[in-house]
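Structural overview for review
Here is how the chains run, residue by residue.
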Amino acid sequence: MAKIVFKHPESLKENIFHYCPGCGHSIVHRLVAEVIDEMGIRGITIGVPPAGCAVLAYNYFDVDMIEALHGRGPAMATAIKRCLPDRLVFSYQGDGDLAAIGIAESFHAANRGENISVIFINNAVYGMTGGQMAPTTMLNQRSTTTPAGRKQAVDGYPVKVSEIFSRLDGATYVERCAVSSPTGVNKTKKAIRKAFQCQMAGLGFSLVEVLSLCPTNWKLSSVDSCKYIDEVMSKVFPPGVYKDQTGQSGKTAEARP
Amino acid sequence: MNKILMSGNNVIGEAAIRAGCRFYAGYPITPQNELTEYMAEHMRNAEGGVFIQSESEVAAINMIAGAAAAGVRVMTSSSGPGISLKQEGISSMAAQELPGIIVNIMRGGPGLGNILPSQGDYFQATRGGGHGDYRTIVFAPGSCQELADLTMDAFDLADKYRTPAMILADGMMGQMMEPVIFKKPKPRQYPEKFMLRGAGSGKSKFIRGLLLDPVDSEAHNWKLARKYEVISENETRCEEHRIDDAKLVIVAYGTAARIAKGAIKRLRSHDMKIGLFRPITLWPFPEMRLRTLSEKVNNFLVFEMSTGQMLEDVRLALQGYADIEFHGRPGGAVPTPAELANVIARVYEQKD
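Only a predicted model underlies this, so the values are computations on that prediction, with no experimental measurement involved.

This paragraph deals with the overall build of chain A. Counting secondary structure elements, chain A contains nine helices and seven strands. Dimensions of chain A along its principal axes, counting C-alpha atoms only, are 50 × 50 × 30 Å. Counting every position in chain A, which comprises 257 residues, the buried fraction comes to 56%. Summarising the internal contacts of chain A: among those between residues at least 6 apart in sequence, 68% fall at separations of at least 24.

Given below as structure tokens:
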């Protein structure tokens, strides 16, 4: 009998993605769904999609989901997890959602060491609204609101989420990955699994930053977008494990009131 | 049942916990801090109780939305400026049909204003406050006993109609102490089908507020509107005080109504026939009852600790069938019953 080595994840509905061709969301959605399948946690998972391109994530994930207002996902996820501590609760956020309008909610959820997981899609641009500057837009990168490129003098610097969040005592596991290559995709999946395992073990806050493609707003082909991540984005946002305290004993959820 | 002497802020907290509230999130702001502190102290001893001091009022309202979705009875509290921050979340809870209690212990405004008792948030409370076509049930308690009773009732109504409800009191109500008897709360009736607790082996659910298709979105808006109509028909509450022979009726709520009662007592001892109409729900506003009253009373005096907000609802209710005068003390000014009695007497004598 033939062994199935690849199939549609059960935690992913069969709806066709509305995302643009080449968009990284479709890849990350699939990875999250595969991890949920493999861990056998579909029935206890609650997802919190953001305002942004992934706002319709509930059309794709076959798990319980509640749409959060822009940036408020970690506040909602905090509450859901505190009320239902044995569920897996993840928020799925873009760069505007996490690092601009929702920086307070994200920062403090991490700082409290909430036992939730954040999947953070960093594509250095506002996708849904049509390509404006994101907090993670790089210096000199063009967007519809930085037509001459992001200038430090008026726009400030790109926010480095993994670097900042890994410095918070409340964060247990922080990794930055990129879905620009098969190796990167595999690494991203591993990171997502590790984040979810961290949560299921009650070890605290986990965040996986994913450097993701936005060919539409970058005005690049998919292939060139992958190159852009590898050659430009990865220099500003180097992938890697920024914090991993999952192996340390003593960092447990016991501190939870 | 024993009477307990408690301050208003603490009464709300105790009533909430007795009513089964098991999630509270809030951010300190005067004059409601005692409520946040009460929840911090007493949620610890309530089984399954969660207290979070949130990083902001914005986070707090979104936290209670999340906990409400998880199927827990929830409450947050704040005052004026903080309630303004909560508006996006209140609008979203109305859209997502999540039950929850928002307490506003009003202070002087606009802007930072001051920390004294005021009633300037009437428009914000009764007109929805946030964006979009929605309403919030608004209770205006007039005593610590009512703070207890109405807080419990608010939880029941929020569940029944799956909508946020507000307790609108002010710094005076929050700080004053009165003896209270806590009634026995009703058992909660909130179907599991509305709770988001993981799909188990069944079908997954989602709760959303974004409806891109105008057909869906319009239908959702009309569905909410029909719900608000049912609430208006069934949940309006008011108190009528000494109106049987009244020639002039004061219309006031909350602390203003208490002051008015004191003034009426004085004036009645001078044989002035003055009564009080006190809305207990501000939305839905008891407009039919007030209109009926205008069949036998021609003169009304609206008294608010604001420049005149409920005044508009009184005008809408009376539709020109009676004369309406107004006395207002905005910005944290609180008149004494004696001062108000002088104002009322002047109006009464003009009309007599």
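Attention now moves to the sheet that holds strand 13 (residues 281-283) of chain B. Strand-to-strand pairing in sheets goes through backbone hydrogen bonds, with the strands running parallel or antiparallel. All names here are of chain B. Taken in spatial order, the seven strands line up as 3-2-4-5-7-6-13 in an open sheet, and their pairing is mixed. A strand with exactly one partner marks an edge of an open sheet, and here the two such strands are strand 3 (50-53) and strand 13. Strand-to-strand, the axes of this sheet are offset by a mean angle of 20°, without reference to chain direction. As paired strands, strand 4 (residues 73-78) and strand 5 (residues 100-106) are joined by four bridges and run parallel to one another. Following the sheet pairing, T76 is matched in strand 5 by I102. Packing of helix 1 (residues 8-18) onto the sheet brings it into contact with strand 2 (21-26), strand 4, strand 5 and strand 7 (164-170), and relative to strand 5 it is tilted by some 175°. Across the sheet, helix 6 (residues 144-161) is in contact with strand 2, strand 4, strand 5, strand 6 (137-139) and strand 7; its angle to strand 7 comes to roughly 165°.

In this section: helix 7 (residues 182-200) of chain A. For the α-helix, the turn length of 3.6 residues means that residues three or four positions removed from each other point alike. Residue and element names in this part refer to chain A. Compared with the 27 Å implied by 1.5 Å per residue over 19 residues, the 27 Å span of helix 7 between its first and last C-alpha is a close match. Among the residues of helix 7, G184, K187, T188, K189, A191, I192, A195, F196, C198 and Q199 are the ones counted as buried. The inward-facing, buried residues of helix 7 abut helix 1 (24-39), strand 3 (88-94), strand 4 (117-122), strand 5 (171-178) and strand 6 (205-211). Looking one or two places after helix 7, you find G202, whose phi comes out positive at around 75°.

A word on the pairing of strand 3 of chain B. The two faces of the sheet receive side chains in turn, since in a regular strand these alternate between them. Residues and elements named next belong to chain B. Here four bridges tie strand 2 to strand 3, and the two strands are oriented parallel to one another. Its bridge partner lying in strand 3, F23 is registered against V50. Once the chain exits strand 2 it traverses helix 2 (residues 33-43) before rejoining the sheet at strand 3, and the crossover so formed is right-handed.

The next thing to look at is the nonpolar core. Judged by nonpolar contacts, the single largest core of 188 residues is most densely connected at I80(A), I119(A), I64(B), A67(B), I250(B) and A260(B). If one sorts the elements of this core by residue count, helix 3 (residues 57-69) of chain B sits on top with ten residues. Split by domain, the residues of this core number at least three in each of domain 1 (4-234) and domain 2 (239-351) of chain B. Those residues in contact with A67(B) that lie beyond four places of it in its chain are A79(A), I80(A), C83(A), F23(B), V72(B) and V74(B).

Residue and element names in this part refer to chain B. Assignment of secondary structure puts M6 in strand 1 (residues 4-7). Take M6: there are 23 C-beta atoms within 10 Å of it, and that puts it in the buried class. Between the C-alpha atom of M6 and that of S294, which follows or precedes it by 288 residues, the distance is 38 Å. When neighbours within four sequence positions are excluded, M6 is seen to be in contact with V11, E14, C144, M177 and V180.

Our next topic: the domain arrangement of chain B. Residue and element names in this part refer to chain B. According to the domain assignment, chain B consists of domain 1 (4-234) and domain 2 (239-351). Computed from C-alpha coordinates alone, the two centres of domain 1 and domain 2 are separated by 28 Å. Contacts between the two partners involve 28 residues from domain 1 and, on the opposite side, 22 residues from domain 2. Among the secondary structure elements, those contributing two or more residues to the side of domain 1 that touches domain 2 are helix 5 (122-126), strand 6, strand 7, helix 7 (171-175) and helix 8 (214-234). Tallying contributions element by element places helix 5 first for the side of domain 1 that touches domain 2, with four residues.

Another aspect to go through is the sheet that holds strand 2 (residues 64-66) of chain A. The strand order 7(A)-5(A)-6(A)-4(A)-3(A)-1(A)-2(A)-9(B) describes an open sheet built from eight strands, whose pairing is mixed. The open sheet has two free edges, formed respectively by strand 7 (240-244) of chain A together with strand 9 (206-207) of chain B, since each of these has just one partner strand. Sheet strands in contact with helix 1 of chain A are strand 1 (45-48), strand 4 and strand 6 of chain A, and its direction is about 160° off that of strand 4 of chain A. Taken strand by strand, helix 7 of chain A contacts strand 3, strand 4, strand 5 and strand 6 of chain A, and its axis lies near 165° from that of strand 5 of chain A.

A cis amide bond links G109(B) with the next residue in sequence, P110(B), at an omega value of -5°. For P110(B), the position within the fold is in the loop between strand 5 and helix 5. A positive phi is found at A124(A), a non-glycine position, where the angle reads about 60°. Note that A124(A) resides in the loop between strand 4 and helix 5 (152-155). For A124(A), a count of 27 C-beta atoms within 10 Å puts it in the buried group. Although it is not a glycine, E97(B) adopts a positive phi angle of roughly 55°. Looking at where E97(B) falls in the secondary structure, it is placed in the loop between helix 4 (80-96) and strand 5. According to the C-beta neighbour criterion, E97(B) is partly exposed, with 19 such atoms within 10 Å.

Before going further, it helps to spend a moment on the interface of chain A and chain B. Each partner contributes to the interface: chain A provides 29 residues, whereas chain B provides 31 residues. Breaking the side of chain A that touches chain B down by element, the ones donating at least two residues are strand 1, strand 2, helix 2 (73-83) and helix 4 (103-111) of chain A. The dominant element in the side of chain A that touches chain B, judged by the number of residues it contributes, is helix 2 of chain A, at eight residues. Pairing analysis gives two bridges linking strand 2 of chain A to strand 9 of chain B, with the strands arranged parallel.

Calculation rules
Think of each chain on its own: its residues are numbered from 1, step by step along the sequence as written. The naming scheme follows written order: chains are lettered A onward, ligands numbered 1 onward. Given that this is a predicted model, residues contribute local features only at a pLDDT of at least 70 and side-chain atom pairs are listed and counted only at 80 or more, while totals for whole chains, interfaces and linings are drawn from all residues. Each helix is a run of H or I in the DSSP string that is no shorter than four residues. Each strand is a run of E no shorter than two, and both are numbered from the N terminus. Any residue surrounded by 20 or more other C-beta atoms within 10 Å of its C-beta is treated as buried, while 12 or fewer makes it exposed and the intermediate range makes it partly exposed; C-beta atoms here are placed from the backbone. Note on contacts: residues are paired as contacts if their backbone-placed C-beta atoms lie within 7 Å. Two strands qualify as a pair provided that DSSP identifies no fewer than 2 bridges between them. Lines fitted to the C-alpha atoms define the axes, with helices restricted to the stretch that makes contact. Angles between their N-to-C directions range from 0 to 180 degrees. Expected helix span is computed as 1.5 Å times (number of residues minus one). A clockwise course of the path from the first strand over the helix to the second, judged with the strands pointing away from the viewer, identifies a crossover as right-handed. The term nonpolar core refers to a set of buried Ala, Val, Leu, Ile, Met, Phe, Trp, Tyr and Cys residues connected through C-beta atoms within 7 Å. The split into domains, and so the bounds of each, comes from an automatic or database assignment of domains.

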